[in-house]
Amino acid sequence: MRDRVVALATTLAGLGHTVEEADPPYGRIGLTFVPRATAGIAEWVAEAPFPALLDRRTHGAARLGRLLGGAPLRAARRAEAVLHRRIGRFFETYDVVLAPTTAAPPPRIGALLELGGFATDRAMIAACPYAWPWNVLGWPGVNVPAGFTPGGLPVGAQLLGPAGSEPLLLSLAAQLEADLRWHERWPEPLVTDSPAL
């Protein structure tokens, strides 16, 4: 994952952009994420037309959301202003953040099926530590192809910016697309041991 994103950074540098390695000061964004996410799930489950069809983990997250929907949610919302200012200062030095979309290739189908709610959350957070902080902040980002793993699975990268940076992010994505010609790149065909049906 890292190699593919570094290669994308090299492409951006070759296109005339200044690229530096830096770490955004995320702080404790996760403390605001859980109340916001689970309260949203609780609202969604309350309006679902067939709640009995929802996964047990969804119901568990909704229960937690109902517990965290009052004072904890209000506290999380108040903390967002501090987080916005902290990350906002990062954009006084840098225009855009380039980060992996995920920290690992996609899991096999069914890999998370038997996990409980907490274990599923831990697995998702471990797989996507670079994506959810920006969702919590509510700032724009665009996902772009960064190549393929040796096994042929897609690798993505994110271009992320502060509020109002959508035109810049889309322009960078278009510039990369024109240079790397993503529409011409395809993974190698998947070879399996099982016969075709």
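Residues numbered from 1 in each chain as written. Predicted model: local features only at pLDDT ≥ 70, side-chain atom pairs only at ≥ 80, totals over all residues. Heavy atoms only, no water.

Caption draft 1: Structural view of helix α1 (residues 2-14). The terminal C-alpha atoms of α1, which comprises 13 residues, lie 18 Å apart, in line with the 18 Å expected from a rise of 1.5 Å per residue. Three or more residues of α1 are buried, namely Val5, Leu8, Ala9, Thr11 and Leu12. Burial along α1 is one-sided: seen end-on, the buried residues are contained in an arc of 155°. Of the exposed residues in α1, the ones pointing more than 90 degrees away from its buried face are Arg2, Asp3, Thr10 and Gly14. Turning to α1, the residues buried within the fold contact β1 (97-100), β2 (141-148), β3 (154-160) and α7 (166-180). Of the residues flanking the end of α1, it is Gly16, one or two places downstream, whose phi is positive at about 100°. (Helix = DSSP H or I, 4+ residues; strand = E, 2+ residues; numbered from the N terminus. Expected span 1.5 Å × (residues − 1). Buried < 20%, exposed > 50% of the residue type's maximum accessible area, 1.4 Å probe, protein only. Arc of directions from axis to C-beta. Contact = heavy atoms within 4.5 Å.)

Caption draft 2: Molecular detail of the pattern of salt bridges. Overall, the coordinates contain five salt bridges when judged by the stated rule. For Glu21, the salt bridge is made with Arg2, and the minimal N-O distance between the two is 3.9 Å. Here the residue Glu21 occupies a position in the loop between α1 and α2 (30-47), and Arg2 occupies one in helix α1, the gap between them amounting to 19 residues. We note that Glu21, like Arg2, is exposed. For Arg181, the salt bridge identified is with Glu184, shortest N-O distance 2.5 Å. The exposure class assigned to Arg181 is partly exposed, which follows from its relative accessible area of 38%. (Salt bridge = Lys/Arg side-chain N within 4 Å of Asp/Glu carboxyl O.)

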